[in-house]
Amino acid sequence: EPAMDDAFLALMDWADASREIGIRANADTPADARLARKFGAEGIGLCRTEHMFFDAERLTAMREMIFANTAEDRRAALDLILPMQRADFQELFEIMVGLPVCIRLFDPPLHEFLPTDRVGLRDLAEALDLPLSDVTRRVEALAEYNPMLGMRGVRLGITVPEIYEMQARAIFEAAVSVTGEAVVPEIMIPLVSARREVELVKTRVEAVAAAVQMETGRTVNYRLGVMVETPRAALRAGEIAPYSDFLSFGTNDLTQMTYGLSRDDAGRFMSAYVKAGVYPEDPFHTLDIDGVGELLEIGAARGREARPGLTLSLCGEHGGNPESIAFCSEAGFDYVSCSSFRVPVARLAAGQIALKKRAFLEKPPQTQ
Ligand code: PEP
Ligand code: MG
């Protein structure tokens with residue numbers, strides 16, 4: 001339990017009094033959310049829902065859904081997952097009550113949910129009550145050459161609509177069940193690259209909201225937005241924004257796709273590249289202002305032109321870095337989202353950046 005003494009709290013108050021940009025946390029578990037709140041996060045900026053399915057029991061439920069042979073089997077698997085997700089979201093909403101919670105719809109690179117060895121295959125066959133040969137064949141059929149560029153994110157959501165519909169229902173049912181202060185969930189669509197993806201998901205989510213409203217007699221309030229993590233989504237932000245209440249830039253994937261550089265394999269040559277001066281720094285650790293940053297600016301400008309007042313944020317790993325915060329402040333972003341532990345440093349950095357900007361405006365440097 002991190003101690004928070006008076007000096008720390010006073011410093012945080014100063015920073016908050018100065019800063020202009022919001023700070024949220026990336027949190028998937030109740031523990032993360034509690035920490036986020038304690039460290040002064042102004043909401044959850046990214047809840048990665050697929051991370052809620054990594055423990056053994058949950059993993060089996062997810063795999064049963066992935067391996068469903070028929071629509072009926074899939075529905076049965078989803079019916080098992082729905083109450084789990086409803087409870088997950090309800091807990092997060094209760095912890096964060098009064099603050100926004102941005103829930104990202106499933107973005108599972110399939111390889112993270114498939115067994116990788118014989119033991120895993122055998123366990124899966126047992127769990128699904130299927131012959132080993134059958135399971136092996138199906139795992140092989142699902143394997144992708146480039147899972148990070150494969151059936152991830154909204155591609156899964158479009159191909160198997162029931163999955164996102166289940167999640168939307170879990171979110172709405174959880175939100176209306178929290179009494180007292182208002183809960184306004186935010187639903188975020190991952191890995192978008194085309195306007196039509198957003199239009200399709202939006203239509204389906206709206207239908208689920210209407211159904212839950214009918215069934216419960218409670219008003220369902222929510223915001224729907226898009227995660228901008230492909231270069232195309234940044235370039236086409238102008239046509240995506242009319243369907244989207246917010247854009248959140250996911251700089252992990254956006255960096256991967258802008259450089260054409262695997263985020264999982266870059267370690268092999270990164271230090272050689274930095275040493276040789278090819279990259280000034282590891283772009284996965286420090287925002288690449290020149291390349292990825294330009295896509296952020298293009299996406300922000302085109303999005304806001306199409307939809308004034310559009311909420312803009314950054315939620316990649318380096319969201320809490322001072323350089324990212326300075327960049328996002330300059331570009332007029334509403335908030336950055338970073339891991340809970342980095343929230344205090346991010347608040348401090350945001351305060352310093354705002355003070356520096358004000359000092360600069362009051363006393364511009366002499367030009368000749
Ligand atoms: C991102 O791509 O920047 C992101 C935040 O999502 P994830 O790391 O889960 O792909
Ligand atoms: Mg991503």
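Note that the coordinates shown come from a computational prediction; the quantities given were computed from them, not determined experimentally. As a convention, each chain's residues are numbered from 1 in the sequence order in which they are written. Think of it this way: whatever chain is written first is A, whatever ligand is written first is 1, and the rest follow in order. pLDDT decides what is reported in this predicted model: residues at 70 or higher carry local features, side-chain atom pairs at 80 or more are listed and counted, and totals for whole chains, interfaces and linings draw on all residues regardless.

Student: Break down the packing of helix α1 (residues 6–18) against helix α16 (residues 343–362) for me, with residues and values.
Tutor: Where α1 meets α16, the axes come as close as 8 Å, and the angle between the chain directions of the two elements is 50°. Our classification of the angle between α1 and α16 gives oblique. In this structure, α1 crosses over α16, and the sense of that crossing is left-handed. Contact residues: α1 offers Leu11, Met12, Trp14, Ala15, Asp16 and Ser18, while α16 offers Pro344, Arg347, Leu348, Ala350, Gly351, Ala354 and Leu355. Gly falls in the polar group here, along with every residue not listed as nonpolar (Ala, Val, Leu, Ile, Met, Phe, Trp, Tyr, Cys, Pro) or charged (Asp, Glu, Lys, Arg). Partitioned by chemical class, the residues of the contact of α1 with α16 number nine nonpolar, two polar and two charged. Each axis is a line fitted through C-alpha atoms, taken for helices only over the stretch in contact, and angles between the N-to-C directions span 0 to 180 degrees. A run of H or I in DSSP counts as a helix once it spans at least four residues, and a run of E counts as a strand once it spans at least two, with each numbered from the N terminus. Oblique is the label for any angle not covered by the other classes, which are roughly parallel (under 35 degrees), roughly antiparallel (over 145) and roughly perpendicular (65 to 115). With the far helix as reference, a near helix turned anticlockwise by less than a right angle produces a left-handed crossing, and one turned clockwise produces a right-handed crossing. Two residues qualify as a contact pair if the distance between their C-beta atoms, derived from the backbone, is within 7 Å.

Student: Would you mind going over the site of ligand 1 in detail, with residue names and values included?
Tutor: Contacts to ligand 1 come from Leu46, Arg48, Asp107, Glu229, Gly250, Thr251, Asn252, Asp253, Cys315 and Gly316. Contributing elements (two or more residues each) for the shell around ligand 1: β2 (44–48) and α12 (251–259). Broken down by element, the residue count for the shell around ligand 1 peaks at three residues, all from α12. By residue class, the composition of the shell around ligand 1 is two nonpolar, four polar and four charged. Working rule for contacts: place C-beta from the backbone, and if it is within 6 Å of a molecule or strand, that residue counts as near it.

Student: Now, about the sheet that holds strand β6 (residues 246–249): what can you tell me, with residues and values included?
Tutor: Two strands make a pair as long as DSSP finds a minimum of two bridges between them. Strand order in the closed barrel made by the eight strands is β1-β2-β3-β4-β5-β6-β7-β8, with parallel pairing throughout. Taking the axes of each pair of neighbouring strands and ignoring which way they run, one obtains an average angle of 25° across the sheet. Across four bridges, the pairing between strand β5 (residues 223–228) and β6 is parallel. Within β6, the position partnered with valine 228 by the bridge is phenylalanine 249.

Student: Please give an account of the packing of helix α5 (residues 118–128) against helix α6 (residues 132–142) that cites residues and values.
Tutor: Contact pair α5 / α6: the axes reach a minimum separation of 9 Å and the direction vectors enclose 110°. Between α5 and α6, the interaxial angle falls into the category roughly perpendicular. The handedness of the crossing between α5 and α6 comes out as right-handed. Where α5 abuts α6, its residues Leu121, Arg122, Leu124, Ala125 and Leu128 lie against Leu132, Val135, Thr136 and Val139.

Student: Outline the UniProt feature "binding site: substrate" (unreviewed entry) in the protein, supporting the account with residue identities and numerical values.
Tutor: UniProt positions are given in the numbering used here, feature names are shortened, and annotations may be inferred rather than shown by experiment. As annotated by UniProt and renumbered to match this structure, "binding site: substrate" (unreviewed entry) occupies Arg48, Arg104, Glu229, Gly250, Thr251, Asn252 and Asp253. Assignment of secondary structure puts arginine 48 in strand β2. Counting other C-beta atoms within 10 Å of a residue's C-beta gives its exposure: the residue is buried at 20 or more, exposed at 12 or fewer, and partly exposed in between, where C-beta atoms are placed from the backbone. Exposure remark for arginine 48: the 16 C-beta atoms within 10 Å place this residue in the partly exposed category. Not counting the four nearest positions on each side in its chain, arginine 48 is found in contact with Asp28 and Arg104.

Student: Quick rundown of the pairing of β5? Include the residues and the values.
Tutor: With five of its six residues buried, β5 lies for the most part within the structure. Relative to β5, strand β4 (residues 185–189) is paired through four bridges, and the arrangement is parallel. Each bridged residue has a counterpart across the sheet, and for isoleucine 187 the counterpart in β5 is leucine 224. Whether a crossover is right-handed comes down to one check: with the strands pointing away from the viewer, does the path from the first strand over the helix to the second run clockwise; if it does, it is right-handed. You can see the chain leave β4, run along helix α9 (residues 195–216) and come back into β5, and the turn it takes is right-handed.

Student: Give a description of unusual backbone geometry that names residues and reports values.
Tutor: The backbone phi angle of aspartate 129 is positive, close to 60°, even though this residue is not glycine. Counting through the fold element by element, aspartate 129 comes out in the loop between α5 and α6. In this structure, leucine 191 is a non-glycine residue whose phi angle is positive, near 55°. Within the secondary structure layout, leucine 191 lies in the loop between β4 and α9. The exposure class assigned to leucine 191 is buried, which follows from the 27 C-beta atoms found within 10 Å.

Student: Give a description of the nonpolar core that names residues and reports values.
Tutor: Soluble globular proteins tend to bury their nonpolar side chains together. Any nonpolar core is a set of buried residues, restricted to Ala, Val, Leu, Ile, Met, Phe, Trp, Tyr and Cys, that join up through C-beta atoms within 7 Å. If you look at the biggest cluster of nonpolar residues, it comprises 90 residues, and the most contacted ones within it are Ile44 and Val336. For this core, the leading source of residues is helix α8 (residues 161–177), giving nine residues. Non-local contacts of valine 336, meaning those with residues more than four positions away in its chain, are made with Ile21, Ile23, Ser313, Leu314, Gly319, Gly320, Ser324, Ile325, Cys328 and Ala346.

Student: Give me the UniProt feature "binding site: Mg(2+)" (unreviewed entry) in the protein: which residues, what numbers.
Tutor: With numbering aligned to this structure, UniProt lists the feature "binding site: Mg(2+)" (unreviewed entry) at Glu229 and Asp253. For the annotated residues, spread through 25 residues, the largest C-alpha to C-alpha distance comes to 5.3 Å, consistent with a single compact locus. For glutamate 229, the position within the fold is in the loop between β5 and α10 (231–235). The residues contacting glutamate 229, other than those within four sequence positions of it, are Leu191, Gly250, Asp253 and Leu254. Along the chain, aspartate 253 turns up in helix α12. For aspartate 253, a count of 24 C-beta atoms within 10 Å gives the class buried. Dropping the residues within four chain positions of it, aspartate 253 is found in contact with Leu191 and Glu229.

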